[in-house]
Amino acid sequence: MHLKKLMTTAALAALAIGAAAAAQAADKLTVGFVQIGAESGWRAAETKVSKQEADKRGIDLKISDAQQKQENEIKAIRSFIAQGVDAIFLAPVVATGWDPVLKEAKDAKIPVFLLDRNIETQDKSLYLTAVTSDAVLEGRTAGQWLAKQTNGKCNIVELQGTVGASVALDRQKGFVEGIAGHPDLKIIRTQSGDFTRAGGKQVMESFLKAENGGKNICAVYAHNDDMEIGAIQAIKEAGLKPGKDILTISIDGVPDIFKAMSEGEANASVELTPNMAGPAFDALIAYKKSGTAPPKWVQTETKLYLPDTATAEYTRRKDLY
Ligand code: GZL
């Protein structure tokens, strides 16, 4: 009898532990992050920081890499829906074409959080919130800096981000606003470098060839630092001095642009935080706990950096990327 009693007690204890573990697991949120890829240093940092932020909060984060293709992102969303994740984070590579698949997530009662880029939709209920910067402000800040730096006279070439990406459209719009009112500030050439270093270098090489070896170009505005870093390489290979013969202004604030600034090869960068996941996780936790819906837009900061703080900023950031 004694042994039987002992066995029953042990079995009951095991059951209780199992149930507690199951309950614990049930509390552990699982998030599917549909990431664009690793096209830039900033994007790689966003992925790295999202893992750190998930670990801090005990969240199980699953990340898919779409290699910058929308069809792969759509496939990943469907896969996360099938896995029954608690939430989907989506960095939408382009702004259009999301309604059908986000409707499937909505029907499955899985909240969607947009990270670092936006979508164009008539139905805002298809996502809970967007954690992004104000990309128009980023472009405007860049344009206003250049207008001041050149006393309103400069032939500018522009390296656009991915065609159709909300941030590319907005950074172009903002920059035009920033240089408005200065008839001698002219964008003489503009083309997409797809947010990559290689793309920026290739397009800048064609601009240099087309513009008298670069003698007609006063500045290059790039929608991200990685394309600017590629352009800096092309300018040097053309025998010109980036940061002096051709001014540079770009966006992200990655360590290598601060390195270029400290070496006199770049002039300014508008910072974009890679920590978009942290605020999204906090909004998700609050939503799950108390049903509190976050605001439709959680805006991250925008700040212009110049060479005077470049060395310190490079030191501060190099381990984060
Ligand atoms: C901006 C983000 C952009 C970065 C690029 O929010 O979507 O995508 O500026 C990245 O570096 O490719």
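Figured I'd write up the structure that's included with this text. (Residues numbered from 1 in each chain as written. Predicted model: local features only at pLDDT ≥ 70, side-chain atom pairs only at ≥ 80, totals over all residues. Heavy atoms only, no water.)

## With respect to unusual backbone geometry
Stated precisely, the cut-off is as follows: Runs of H or I in DSSP of at least four residues are treated as helices and runs of E of at least two as strands, each being numbered from the N terminus. For each residue, the accessible area found with a 1.4 Å probe, counting protein chains only, is set against the maximum for its type, and the residue is called buried under 20%, exposed over 50%, and partly exposed in between.
At Gln 67, a position not held by glycine, the phi torsion is positive, near 50°. With respect to the helices, strands and loops of the structure, Gln 67 is situated in the loop between strand S2 (60-65) and helix H3 (70-83). Assessed through its relative accessible area of 53%, Gln 67 is described here as exposed. Phi angles above zero are rare outside glycine, and Asn 151 is one such case at about 50°. If you trace the backbone, Asn 151 turns up in the loop between helix H5 (135-149) and strand S6 (154-160). What makes Asn 151 exposed here is its relative accessible area of 72%.

## Overview of helix H10 (residues 277-290)
Put simply, the test is: Helix span, as expected, comes to 1.5 Å for every residue beyond the first. Between two residues, a contact is recorded if the distance between any of their heavy atoms is within 4.5 Å.
Here H10 is 14 residues long and its end C-alpha atoms lie 20 Å apart, about the 20 Å a rise of 1.5 Å per residue gives. Ala 277, Gly 278, Ala 280, Phe 281, Ala 283 and Leu 284 are the residues of H10 that are buried. Buried residues along H10 sit against strand S1 (30-35), helix H2 (41-56), S2, strand S3 (87-90), strand S4 (112-115) and strand S5 (129-132).

## Thoughts on the nonpolar core
To be explicit about the condition: Buried Ala, Val, Leu, Ile, Met, Phe, Trp, Tyr and Cys residues form a nonpolar core when they are joined through side-chain atoms within 4.5 Å. Segmentation of the chain into domains, including their bounds, is taken from an automatic or database domain assignment.
Residues Val 31, Phe 89, Phe 113, Leu 115, Ile 257 and Phe 281 are the most contacted members of the largest nonpolar core, which totals 34 residues. Those elements that provide at least two residues to this core are S1, H2, S3, S4, helix H8 (225-237), helix H9 (255-262) and H10. Looking at which element gives the most residues to this core, the answer is H10, with five residues. Summarising the domain contributions, this core has at least three residues from each of domain 1 (29-132 + 274-290) and domain 2 (135-272 + 306-317). Among residues more than four places away in sequence, those in contact with Phe 113 are Ala 87, Ile 88, Phe 89, Leu 90, Leu 128, Thr 129, Ala 280, Ala 283 and Leu 284.

## Quick word on the pairing of strand S10 (residues 268-271)
Basically, it comes down to this: A strand pair is defined by DSSP finding two or more bridges across the two strands. Handedness of a crossover: with both strands directed away from the viewer, a clockwise path from the first strand across the helix to the second marks it as right-handed.
Side chains of S10 alternate between two faces, with Ala 268 and Val 270 and Ser 269 and Glu 271 buried alike. Alignment of strand S9 (residues 247-252) against S10, held across four bridges, turns out to be parallel. Counted as the bridge partner of Ser 250 is Ser 269 from S10. What joins S9 to S10 is H9, and the crossover it makes is right-handed.

## Considerations on the packing of aromatic side chains
Formally: Pairing of aromatic rings covers Phe, Tyr and the six-membered ring of Trp, with a centre-to-centre limit of 6.5 Å; geometry is then stacked below 30 degrees between planes, edge-to-face above 60, and tilted otherwise. Working rule: Lys NZ or Arg CZ, within 6 Å of ring centre, within 35 degrees of ring normal, means a charge sits over the ring.
Across all of its chains, the model carries five aromatic pairs by this definition. Ring centres of Phe 33 and Phe 89 lie 6.5 Å apart, and the angle between their planes is 70°; this geometry places the pair in the edge-to-face category. Placement of Phe 33 in strand S1 and of Phe 89 in strand S3 is noted, with a sequence separation of 56 residues between them. Pair check on accessibility: Phe 33 and Phe 89 agree, each one buried. Ring centres of Phe 258 and Tyr 305 lie 5.5 Å apart, and the angle between their planes is 85°; this geometry places the pair in the edge-to-face category. Highlighted residues: Phe 258 in helix H9 and Tyr 305 in strand S12 (residues 303-305), separated in sequence by 47 residues. Summarising the burial analysis for this pair, Phe 258 and Tyr 305 share the class buried. We note Lys 296 situated over the ring of Tyr 127; from NZ or CZ to the ring centre the distance is 4.9 Å. The side chain of Arg 317 reaches across the aromatic face of Tyr 305, ending 4.9 Å from its centre.

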